[in-house]
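Structural overview
Listed here are the chains, written in short residue letters.
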Amino acid sequence: MMLEASWYHVNTSVGPGDGTSVTLPSSDGSLSYVPEGCIVVRSDSYKPWENPYDLVNHKAEVLVRIILNATATPLLFLFGFPANILNAAVFYRQGLGERINMCLFVLSLIDLVGFTAQFLRNFEQMYRALIKVRGVLEENILGFIGFSKTSQFITCVIACERCLCVFLPFKAQKYLKTSSMAAVIGVVGVFLVGDMNLIAGHKHTFTCVFDPLTNETDLANSYTSFYLDHKYVLDILDIFVYNVVFTIVLPFVIIITSILTVIKLYQASTWRYLHGAVRSSDKAQQSQDLSRLSKKEVATTKMLLVSSLLFIVCFSPEVVLQLSLYWVNDLSNSGRYYNLLSVMWRIISVLPMVTASLHFVIYYHMGSWFRTTLKDILSCVKK
């Protein structure tokens, strides 16, 4: 069983081994020798995953981990990887000069990198569970979580762009330039990926753990000395930027802008139905703005609204869990609900892959121009 970092650090243990004997007896009554660089942890010490009051037992947690790592994640990767390549190809073919195409093109590439990293990380976890070796990707690929955060930011940008296009089409055309939006996405993306590499990429490492009762060694996730030396600053960035802004603020903005866009589109359809009715000056101005929405823009907006809804549905469990961590003290890696927390985090980690994979289905089903462009690309490939 791989020990978790937060549990490992709150438990008392003998210091790192230097190859000398310790007084704790081994299973056969002889002295145990601590391998160099290892931490001594007795196998009869408290293990949170064996808590009988946990809502999920350890066997169920292991089963969920195996199912997700061995079946769900590979299947999502096999579908989502080519799907996002096709998404990027279609939006590139349609022209990156149009800002929404540029946003969706970048989103497809970001999702491609993000869930590829997630697939590789899950695959290594499964391999490491079978063969106890030191993980390589676990220590170096966590920074790629920044691509997932960048995907969330672009989703929020798209939701805001559609809302402004519906409410203020002229001003959106004037102020929301493709080059400006690309620059903003680029700068924010570099910050998020770089910051996540600094925080997550340098937070965890693997530590050798030695059990003097069984004379066995194992590997445990633990915090790095860099993180412990800069814990206060890194936790501020982690908690404020990622747990507050990306867990609460961005989803809230996406929900509000999506609701406003739906209301405006409903008003547009109502206006078209009552086109011949007598209107007040306010309604006349409203109808003038709505009449400038082309059928293509309306169709694109509806397609992106469904995409935003998918994001909200798949991201809501993480919002609920993050808030629950503050309300339920035992919902932690050292508390009563260790297994429950582990299962919830593993399911949540797969949901971004679900979102990234289903984008293709939404685009193809609701975007006639997307289907036409895709067929043109595939016909060119066949030739």
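This section reports on the structure supplied with the text. (Residues numbered from 1 in each chain as written. Predicted model: local features only at pLDDT ≥ 70, side-chain atom pairs only at ≥ 80, totals over all residues. Heavy atoms only, no water.)

1. Section: a nonpolar patch on the surface
On the surface, Tyr232, Val233, Ile236, Ile239, Phe240, Val244, Ile248, Val249, Tyr326, Trp327 and Val328 cluster together into a nonpolar patch covering about 1100 Å² of accessible area. Mapped onto the nonpolar patch, the elements with two or more residues apiece are α9 (231–273) and α11 (295–327). At eight residues, α9 tops the list of elements feeding residues into the nonpolar patch. With respect to the secondary-structure elements, Ile239 resides in helix α9. For Ile239, a relative accessible area of 40% translates into the label partly exposed. (Patch = residues over 30% accessible without salt bridge, like charges linked within 9 Å, V, L, I, M, F, W, Y side chains within 5 Å. Areas by Shrake-Rupley, 256 points an atom, 1.4 Å probe, with all protein chains shown as cover. Salt bridge = Lys/Arg side-chain N within 4 Å of Asp/Glu carboxyl O. Helix = DSSP H or I, 4+ residues; strand = E, 2+ residues; numbered from the N terminus. Buried < 20%, exposed > 50% of the residue type's maximum accessible area, 1.4 Å probe, protein only.)

2. Quick notes on the layout of surface pockets
Of the pockets and cavities examined, the second largest pocket occupies roughly 580 Å³. Lining the second largest pocket are 30 residues, and of these Glu98, Ile100, Arg162, Lys296 and Glu297 lie nearest its centre. Put simply, the parts of the chain that give the lining of the second largest pocket at least two residues each are α2 (58–94), α3 (99–130), α5 (145–167), α6 (169–175), α11 and α13 (368–382). If you tally residues by element for the lining of the second largest pocket, the top one is α11, at five residues. Residues of the lining of the second largest pocket, tallied by class, amount to 14 nonpolar, eight polar and eight charged. (1 Å grid on protein atoms, 1.4 Å probe; cavity = no way out; pocket = protein on both sides within 12 Å on 5 of 7 lines; lining within 4 Å. Points joined across faces, edges and corners; volume = space filled by probe spheres on them. Nonpolar A, V, L, I, M, F, W, Y, C, P; charged D, E, K, R; others polar.)

3. Here's the deal with the packing of aromatic side chains
For the structure shown, the criterion picks out 12 aromatic pairs. Centre to centre, the rings of Phe77 and Phe81 are 5.3 Å apart; their planes meet at 45°, and the pair counts as tilted. In this pair, Phe77 and Phe81 are both assigned in helix α2, four residues apart and thus about one turn of the helix distant. Geometrically, the ring pair formed by Tyr92 and Phe105 is tilted, given 6.0 Å between the ring centres and 40° between the ring planes. In this pair, Tyr92 sits in helix α2 while Phe105 sits in helix α3, placing the two residues 13 residues apart along the sequence. One aromatic cluster in this structure is built from Phe79, Phe91, Phe360, Tyr363, Tyr364 and Phe370. (Phe/Tyr/Trp six-rings, centres within 6.5 Å; stacked < 30°, edge-to-face > 60°.)

4. So, empty space enclosed by the protein
Applying the stated rule across the entire model yields two cavities of 30 Å³ or more. Estimated volume of the largest cavity: approximately 50 Å³. Of all the elements in the fold, those that place two or more residues in the lining of the largest cavity are α3, α5 and α11. Ranked by residue count, the leading element in the lining of the largest cavity is α11, at three residues. The class makeup of the residues in the lining of the largest cavity is five nonpolar, three polar and no charged. Volume-wise, the second largest cavity comes out at about 30 Å³. In this structure, the second largest cavity is lined by Ala159, Arg162, Ser258, Thr261, Thr301, Leu304, Leu305 and Ser308. Sorting the residues of the lining of the second largest cavity by element identifies α5, α9 and α11 as the ones contributing at least two each.

5. Examining the pattern of salt bridges
Under the counting rule described, the total for this entry stands at six salt bridges. The closest approach of N and O atoms between Glu161 and Arg99, which form a salt bridge, is 2.6 Å. Here Glu161 is found in helix α5, whereas its partner Arg99 is found in helix α3, with 62 residues between them in sequence. Each of the two residues, Glu161 as well as Arg99, counts as buried. Notably, a salt bridge pairs Asp330 with Arg336, separated by 4.0 Å at the nearest N-O pair. On the basis of relative accessible area, Asp330 is assigned to the partly exposed category, the value being 32%. Using a relative accessible area of 33% as the deciding quantity, one classes Arg336 as partly exposed. The structure contains a network of salt bridges with shared partners spanning Glu61, Arg65 and Arg346.

6. Things to note about the nonpolar core
Among the nonpolar cores identified, the biggest contains 47 residues, and Cys103, Leu104, Ile158, Tyr242, Phe246, Tyr363 and Phe370 are the most heavily contacted of them. Elements with a contribution of two residues or more to this core: α2, α3, α5, α7 (178–199), α9, α11, α12 (338–366) and α13. Tallying contributions element by element places α11 first for this core, with eight residues. When sequence neighbours within four positions are dropped, the list of residues in contact with Phe370 reads Asn87, Val90, Phe91, Gln94, Phe360, Tyr363 and Tyr364. (Core = buried A, V, L, I, M, F, W, Y, C linked by side-chain atoms within 4.5 Å. Contact = heavy atoms within 4.5 Å.)

7. Description of the packing of α11 against α12
The description of two helices packed together rests on the angle between their axes and the distance between the axes. Packing of α11 against α12 leaves a shortest axis separation of 9 Å and a crossing angle of 175°. Classified by the interaxial angle, the pair formed by α11 and α12 is roughly antiparallel. Across the interface between the two elements, Lys302, Met303, Val306, Ser307, Leu310, Phe311, Cys314, Pro317, Glu318, Leu321, Gln322 and Leu325 from α11 touch Leu341, Met344, Trp345, Ile348, Leu351, Val354, Thr355, Leu358, His359, Ile362, Tyr363 and Met366 from α12. Within the contact of α11 with α12, the residues separate by chemical class into 18 nonpolar, four polar and two charged. (Axes fitted to C-alpha atoms, helices over the stretch in contact; angles between N-to-C directions. Parallel < 35°, antiparallel > 145°, perpendicular 65-115°, else oblique.)

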